[in-house]
Amino acid sequence: MELKPGLSALVTGGASGIGKALCIALARKGVFVTVVDFSEENGREVASIVQKENKLIHAYARVPSAIFIKCDVTNGDALAAAFRKHVDTFGGLDICINCAGFVNKSLVYDDKSDGTSTWRRAVNVNLVAVIDGTRIATQVMRSQKKPGVIINIGSVAGLYPMSYEPVYSGTKGGVVMFTRSLAPLKRHGIRVNVLCPEFVQTNMGEKVNRVLVDALGGYLKVEDVVKGAFELIEDESKAGACLWISKRKGMVYWPTSEKEKNYLVYSSKSQRKSVENRFPSIQTPEYFQKM
Ligand SMILES: NC(=O)c1ccc[n+]([C@@H]2O[C@H](COP(=O)([O-])OP(=O)(O)OC[C@H]3O[C@@H](n4cnc5c(N)ncnc54)[C@H](O)[C@@H]3O)[C@@H](O)[C@H]2O)c1
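The rules we used
- Sequence order as written defines residue numbering, which begins from 1 separately in each chain.
- Reporting in this predicted model follows two pLDDT cut-offs: at least 70 for local features of residues, and 80 or more for side-chain atom pairs to be given and counted; totals over whole chains, interfaces and linings ignore these cut-offs and use all residues.
- UniProt positions are given in the numbering used here, feature names are shortened, and annotations may be inferred rather than shown by experiment.
- Only the C-beta atom, placed from the backbone, is used; a residue is near a molecule or strand if that atom lies within 6 Å of it.
- Under the scheme used here, helices are H or I runs from DSSP no shorter than 4 residues and strands are E runs no shorter than 2 residues, and both carry numbers assigned from the N terminus.
- Under this grouping Gly is polar, as are all residues other than the nonpolar Ala, Val, Leu, Ile, Met, Phe, Trp, Tyr, Cys and Pro and the charged Asp, Glu, Lys and Arg.
- Note: pLDDT gives the predictor's confidence per residue, expressed from 0 to 100.
- C-beta atoms are placed from the backbone for every residue, and two residues are taken to be in contact when these atoms lie within 7 Å.
- To estimate the expected span of a helix, count its residues, drop one, and scale the result by 1.5 Å.
- Comment: burial labels come from other C-beta atoms within 10 Å of the residue's own C-beta, placed from the backbone, where a count of 20 or more is buried, 12 or fewer is exposed, and between is partly exposed.
- The directions from the helix axis to the C-beta atoms form the arc being described.
- Here a strand pair is declared whenever DSSP counts at least two bridges between the two strands.

Under an unreviewed UniProt entry, the chain has the name ARP protein (REF) and belongs to Setaria viridis. Looking at the chain in UniProt, the text filed under Sequence similarities (unreviewed entry) is "Belongs to the short-chain dehydrogenases/reductases (SDR) family."

Engineer: Give a description of the site of the ligand that names residues and reports values.
Structural biologist: Close to the ligand lie 27 residues, the nearest being Gly13, Gly17, Gly101, Thr202 and Gly205. For the shell around the ligand, the leading source of residues is helix α1 (residues 17–28), giving three residues. Tallied by class, residues from the shell around the ligand come to 14 nonpolar, 11 polar and two charged.

Engineer: Could you give an account of the confidence of the model for the chain, naming the residues involved and the relevant values?
Structural biologist: In the predicted model, the chain carries a mean pLDDT of 91, and 90% of its residues have values of at least 70. Here residues 284–291 is modelled with pLDDT under 50, and outside its nearest four sequence neighbours on either side it reaches zero contacts, counting other chains as well.

Engineer: Account for helix α2 (residues 40–55), with residues named and values stated.
Structural biologist: Spacing of three or four residues puts side chains on the same side of an α-helix, whose turn is 3.6 residues. In a regular helix each residue adds 1.5 Å, so 16 residues correspond to 22 Å; α2 covers 22 Å between its end C-alpha atoms and thus fits that length. By the burial criterion, the buried members of α2 are Gly43, Val46, Ala47, Val50, Glu53 and Asn54. Down the axis of α2, the sector holding all buried residues measures 125°, keeping them to one side. Facing away from the buried side of α2 by over 90 degrees, the exposed positions are Glu41 and Lys52. Where α2 is buried, its residues meet α1, β2 (32–37) and β3 (66–70).

Engineer: Pulling in residues and values, what's your account of the pairing of strand β8 (residues 250–253)?
Structural biologist: Across four bridges, strand β7 (residues 242–246) lies against β8 in antiparallel orientation. Within β8, the position partnered with Ile245 by the bridge is Met251. Taking the residues that link successive antiparallel strands as the turn, the β7-β8 hairpin has three residues.

Right under this line is the structure:
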């Protein structure tokens, strides 16, 4: 999908860090943006920066070019309402970026709480809400019968184990496999891809042990993450793709086709074929209901 003025994007976690950088970079392309976050002050500030950037491209826009919606993404009704408000404001949805994230510093096996504000929250924000956001975005995009792109923000912690934060690692691994499993949605014009950056110096990234960050070559620039996201939006061939961005290797699609051959019983192409064969399109007779 060519990033051009007039498209619209909804970004969760858009009030800070990577989400904020994505909102501003989209605005510089003339894309209308809905910033979804529970941090109101920061979210409103990002929406106003987006409006200023957008004004340079859409001098006489009739609608606001950016809105902020205060929403906890773990609240399914509130998240669905945010998508409805986006569609009502911008008349459709071209891009959805599920970026809101939560990291819990305490180790799950030392945690004596019920997890509501610790590990269970991490699962709900990082995985459940990403599934929900993808589900709602897919339904909106299918109903408008126009192509759409969904980017889920995973992490390098979803590609290899991170023993200092096992639950975070588990949620991001879930996001990676969930997204890769959605490659067949391309048949409906919807491409869902996952971005897995190593460490970026944001509020969240600063919580990571500096020794680990240095061992991986230091922090990535947020611009590198934006570049990766834009590649996944613009490259029409990418569906169910997982893009790993690291300081040491740059942008690498994971698994590489060589690795995929080693670990998969079927290549993704033959797997798709076998799924199609298992569920051939059924021609329901028009009089089925009467029967
Ligand atoms: N910073 C890194 O090193 C790094 C590396 C890989 C992946 N990531 C991922 O990138 C994404 C963005 O992280 P970041 O580094 O920009 O962190 P950040 O803390 O700067 O931003 C996260 C944003 O998500 C919002 N948020 C959190 N929980 C929410 C909820 N329940 N409802 C609504 N909004 C919520 C926060 O208010 C914040 O604005 C996350 O998914 C994170 O896991 C970050």
